[in-house]
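Working through the structure, step by step
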Amino acid sequence: MRLSANELNRFGEELGSRLTAPAVIGLSGDLGTGKTTLVQAICRGLGARSRATSPTYALVHHYDAAGAPLYHVDCYRLRAPDEARDLGFEDMVRERAIILIEWPERAGSWAPPLDRHFRLSYDVDPTRRIVEEPVPA
């Protein structure tokens, strides 16, 4: 589907309002396609008490949200999948958290299995295209 910035925000807020823990959501796409914007909207929909920011350098951010632990993981800076070993995915899964992962493909098998996976791409400016991709059963 094609979404304007406002529509992307509404989509994310609606998605967040319907998420229940545990859940693992993957977000893929080129730089600047709206992955972090979508995460921010999902966090708002989940009732996060602080504004989500990009964890590109910290790699993992934890937010207080109503009802469940919430983690935002950005794997962009990983040079190899083995670097994801120490991100704490196992602990997040044990907590039955909601985990939002940007660039999950860079974490390889260290990333937990995705429940949903969205690929974002550029469309006619200023819209973005978002496609939900199938995840292995």
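Data block above holds the structure.
My aim in this report is to walk through the structure given alongside it, one point at a time. Being a predicted model, the structure only gives us computed values, none of them experimental.

1. Points about helix α2 (residues 35-46)
- Here α2 spans 16 Å end to end across 12 residues, near enough to the 16 Å set by a 1.5 Å rise per residue.
- Of all the residues in α2, the buried ones are Lys35, Leu38, Val39, Gln40, Ala41, Ile42, Cys43 and Leu46.
- After α2 finishes, the residue Gly47 shows a positive phi value of roughly 85°.

2. Structural notes on the packing of aromatic side chains
- Tallying each qualifying case throughout the model produces 2 aromatic pairs.
- Seen from their ring centres, Phe11 and Phe118 are 5.7 Å apart, and the 85° between their planes marks the pair as edge-to-face. Here Phe11, found in helix α1 (residues 5-18), pairs with Phe118, found in strand β6 (residues 116-122); they are 107 residues apart in sequence, far enough to count as distant.
- With centroids separated by 4.9 Å and ring planes inclined at 50°, the aromatic side chains of Tyr76 and Trp103 adopt a geometry described as tilted.

3. With respect to α1
- In a regular helix each residue adds 1.5 Å, so 14 residues correspond to 20 Å; α1 covers 20 Å between its end C-alpha atoms and thus fits that length.
- All buried positions along α1 are accounted for by Leu8, Phe11, Gly12, Leu15 and Gly16. Down the axis, α1 shows its buried residues gathered within 130° of arc, on one side only. Exposed positions of α1 whose direction lies more than 90 degrees from the buried face are Asn6 and Arg10.

4. Regarding the pairing of strand β3 (residues 60-65)
- Here β3 shows a buried face lined by His61, Tyr63 and Ala65 and an unburied face lined by Val60, His62 and Asp64.
- Where β3 meets strand β4 (residues 68-74), 6 bridges bridge the pair, whose relative direction is antiparallel. Residue His61 lies in a different strand from β4, and its bridge partner there is His72.
- Hairpin connection from β3 to β4: 2 residues lie between these consecutive antiparallel strands, with Gly67 at a positive phi of about 95°.

5. A closer look at the environment of Ser54
- Mapped onto the secondary structure, Ser54 falls in the loop between α2 and β3.
- Overall, Ser54 belongs to the partly exposed group, its relative accessible area being 35%.
- With 14 residues separating them in the primary sequence, Ser54 and Gln40 have C-alpha atoms 9.0 Å apart.
- Residues in contact with Ser54, not counting those within four places in the same chain, are Thr36, His61, His72 and Asp74.

Basis of the calculations
Residues numbered from 1 in each chain as written. Predicted model: local features only at pLDDT ≥ 70, side-chain atom pairs only at ≥ 80, totals over all residues. Heavy atoms only, no water. Helix = DSSP H or I, 4+ residues; strand = E, 2+ residues; numbered from the N terminus. Expected span 1.5 Å × (residues − 1). Buried < 20%, exposed > 50% of the residue type's maximum accessible area, 1.4 Å probe, protein only. Phe/Tyr/Trp six-rings, centres within 6.5 Å; stacked < 30°, edge-to-face > 60°. Arc of directions from axis to C-beta. Pairing = 2+ DSSP bridges. Contact = heavy atoms within 4.5 Å.

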